[in-house]
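Single-letter residue listing:
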Amino acid sequence: MKSFLAGISQIKLLTFILVTACTSFLCPSENEIPVPLSLKSVFSTGGRISGPPLEYPGGGIIFFSEDRYLYRFDSFGVFLSRKKAGSGFSPFHAQGIDGIIYKYFRDNTLKAVNAAGGILWSVKNNSTPFCAPVISSAGAVITAGSRSILTCYSYRGRKRWELDLKNSIKVAEGEDLLFSCPPCAGAQGRIFAGMSSGRIASVDSSGKITKSINSSGYSITALVSAGKKVYASDSSGRLLVYSEDLELQKNFKLKSPAVSIRSGRNILAIVHRSGSASVYDDEMTLLYSSGTSMKITGDPLVAGKYVYFLSGRGFVSWFDPESGAHGEEAIPAKAVTGIRGVKDEFPRLPFIYKEGPLLAAGGEDWNIYFFHAPASSPADRKSTQQYSEDEDLYSLRPDTGFLIYINELLMSDDPGEREKAMKLAENALSSGITAGDEEYLIQMIRNSALRGRGNVFAGKGMTGPGSASVKSTAAVILGRLGTHDALALLREILKAETDPFAASVEIRELGKAGSDYDGRSIAEIISAWNRFHDYPGINETIIESFKGITSYHGYFPSQEGKKLLFKMLERNRNRELQLKVIELLKYMEQ
């Protein structure tokens, strides 16, 4: 009996060891494994969900349904309201400045709809829409028509230009210039268009073709601009990596042509024509492949540190590029996987990821599904202290960890540390960072500028060496980013500026960025002149800034700005300055 009990004890001990080993080695802690998706709630509408969900300004999600209503939910998925959105709308829409939704209706009419469902303006487009509108980095609305026509509208509905690519590009006889994938937006208001002949065209913010190349002779199947790169997939299954000036840098072979590409945090998420999905790092090392049985039918979604896919089998799948962990969650009914009347090779984004653990998908059964998902924000990113003083930090390839290190320096009480942080950030931007990390860069500047512990723009931190350099470098970074969020922050900083030298730099960078369709940048420049008009050189800086804005748009979008120039003429007796003002006024009228 004793030997039998001893045997039982040994078995218990062995079991305990095995369980402990499993817990320690096979079952990592909760902090190391992403939280799986789980269904949170289901909401029934009166019709099929039309197009991708959109963000509600201030927090929340908007869905259009074919029952003719716009449905609004808060950021936790709680239903708030619905409003009649009109009839006969198409699934094509996009969201621009201030949350305005640009939605196509079935008679080729483009309407601007605010988040409450009100119609702000409408225009009849000359050609049938090929895809959803594209919002440029300057906030302009670009439509792509079925006859290879690009049309640009301001966010107020004013038609800026129209470009017929078929009649504007010199091509070989028989070359077909029909759109073969949705165009994409690049920096400085630029638009890239891919065509069925393999040609890629770059169009600037004034509607002029800056470059046109024939990539390979194979139809372009997907096109995306990320950071300083343009990624194009062709029908031969190649992924072509270009500079923003369309100079070929790399050429990779994919397992099948891509129909959708998304970028974020130094990764590319790709949906292939075969229905499979894959994730690559920016050196094109394969991190994840779904195989072909999954049949991905929606655009990938890169949200924080995770990548999400929607499959035709009714599953939402997720992947963590850092740990390699992945999984999936079934939707009770098949989710929206495409759009009626649109070919399968042009899928549309099926869900949106908000701040906080919420993911939403629209179902073909007229339901909206909300999921708990892993939250991911800059605060969740793993901090790092791995960079030593012995390293040449300015030569390091930027990644998210390096940006976190920069942020730690920026929040220091030491002005020298903050100066170093902004110089490293400027270098990281020059080296090329992803769109997701660009957003993080804007956020870290905002935190420091407006409420950071080591505030470099106002109050604490303004004294001591390096403050002027920090502020100037921050302005340069925001101006070079040139996105809506970056320029909005730069205007906010200029509005609160008390240092005339820093104001001069901020004015100069707003002018270099150029984008000012609504006159907001010009208004802040005028306000700054009223505060600092006696500061040496401020008038010359404003003249150069106004010239940059005029060059960007091809016209000057503000009568108040012109009045300021006439005021300069009245107040100054400097002949050289007067000639510069007169020259600029003539330039504005050309």
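Quick note: structure is the one above.
All of these numbers come straight from a predicted model, not from anything done at the bench.

Calculation rules
Residues numbered from 1 in each chain as written. Predicted model: local features only at pLDDT ≥ 70, side-chain atom pairs only at ≥ 80, totals over all residues. Heavy atoms only, no water. Helix = DSSP H or I, 4+ residues; strand = E, 2+ residues; numbered from the N terminus. Buried < 20%, exposed > 50% of the residue type's maximum accessible area, 1.4 Å probe, protein only. Contact = heavy atoms within 4.5 Å. Areas by Shrake-Rupley, 256 points an atom, 1.4 Å probe, with all protein chains shown as cover. Pairing = 2+ DSSP bridges. Polar contact = N/O pair within 3.5 Å; in protein donor to acceptor, adjacent residues only side chain to side chain. Core = buried A, V, L, I, M, F, W, Y, C linked by side-chain atoms within 4.5 Å. Patch = residues over 30% accessible without salt bridge, like charges linked within 9 Å, V, L, I, M, F, W, Y side chains within 5 Å. Salt bridge = Lys/Arg side-chain N within 4 Å of Asp/Glu carboxyl O. Axes fitted to C-alpha atoms, helices over the stretch in contact; angles between N-to-C directions.

This brings us to the overall build of the protein chain. Check the secondary structure of the protein chain and you find 12 helices and 32 strands. When each of the 590 residues of the protein chain is scored for burial, the buried share is 54%. Excluding contacts between residues fewer than 6 apart, the proportion of contacts in the protein chain whose partners are at least 24 apart in sequence is 49%. Summing over all exposed atoms, the protein chain offers an accessible surface of approximately 25,800 Å²; the carbon and sulfur share of this is 51%.

It is worth spelling out the sheet that holds strand β3 (residues 61-64) at this point. What links the strands of a sheet is backbone hydrogen bonding, and the strands pair in either a parallel or an antiparallel sense. Reading across from one edge, β2-β3-β4-β5 is the order of the four strands in this open sheet, with antiparallel pairing throughout. Lying at the two open borders of the sheet, with one neighbouring strand each, are β2 (54-55) and β5 (79-84). Across two bridges, β2 lies against β3 in antiparallel orientation. When the sheet's bridge partners are listed, E55 is paired in β3 with I61.

Here the focus is the environment of D67. By the element assignment, D67 lies in the loop between β3 and β4 (69-73). Expressed as a C-alpha distance, the spacing of D67 and T45, which sit 22 residues apart in the sequence, is 7.6 Å. Aside from chain neighbours lying at most four places away, what touches D67 is T45, G46 and G47. Within the structure, D67 has its side chain in polar contact with the backbone nitrogen of G46 (distance 2.9 Å). For D67, the side chain forms a polar contact with the main-chain nitrogen of Y69, separated by 3.0 Å.

For soluble globular proteins, the rule of thumb is that nonpolar side chains tend to be buried together. Judged by nonpolar contacts, the single largest core of 55 residues is most densely connected at I542, F546 and L565. Residue contacts for F546: discarding those within four places in its chain leaves I522, I525, F556, G561, L564, L565, L584 and M588. Of all hydrophobic cores here, the second largest spans 19 residues; its members include C131, A140, L177 and A201.

Together, F76, V78 and L80 give the surface a local cluster of nonpolar side chains, amounting to about 290 Å² of exposed area. In this fold, F76 is placed in the loop between β4 and β5. Taking the relative accessible area as the measure of exposure, F76 reaches 56% and is therefore exposed.

Another point: the sheet that holds strand β8 (residues 109-113). Spatially, four strands are ordered β6-β7-β8-β9 in an open sheet, and the strand pairing comes out antiparallel. Looking at strand neighbours, the two that pair on one side only are β6 (89-95) and β9 (119-124), the edges of this open sheet. Mean inter-strand twist for the sheet, computed between neighbouring axes without regard to direction, equals 20°. Pairing between β8 and β9: five bridges, direction antiparallel. Following the sheet pairing, V113 is matched in β9 by I119.

What follows is about the pattern of salt bridges. Counted according to the given criterion, the structure contains 10 salt bridges. Across the pair K159 and E162 runs a salt bridge whose closest N-O atoms are separated by 3.3 Å. The exposure class of K159 is partly exposed, given its relative accessible area of 41%. For E162, a relative accessible area of 37% gives the class partly exposed. Across the salt bridge formed by D234 and R238, the nearest N and O atoms sit 3.4 Å from each other. Overlapping salt bridges bring together R508, E509 and K512 as one network.

In this section: the pairing of β3. The side-chain alternation of β3 yields two buried faces, one formed by I61 and F63 and the other by I62 and F64. Linking two consecutive strands that pair antiparallel, namely β3 and β4, is a turn of four residues; a positive phi of about 80° is found at R68 within it.

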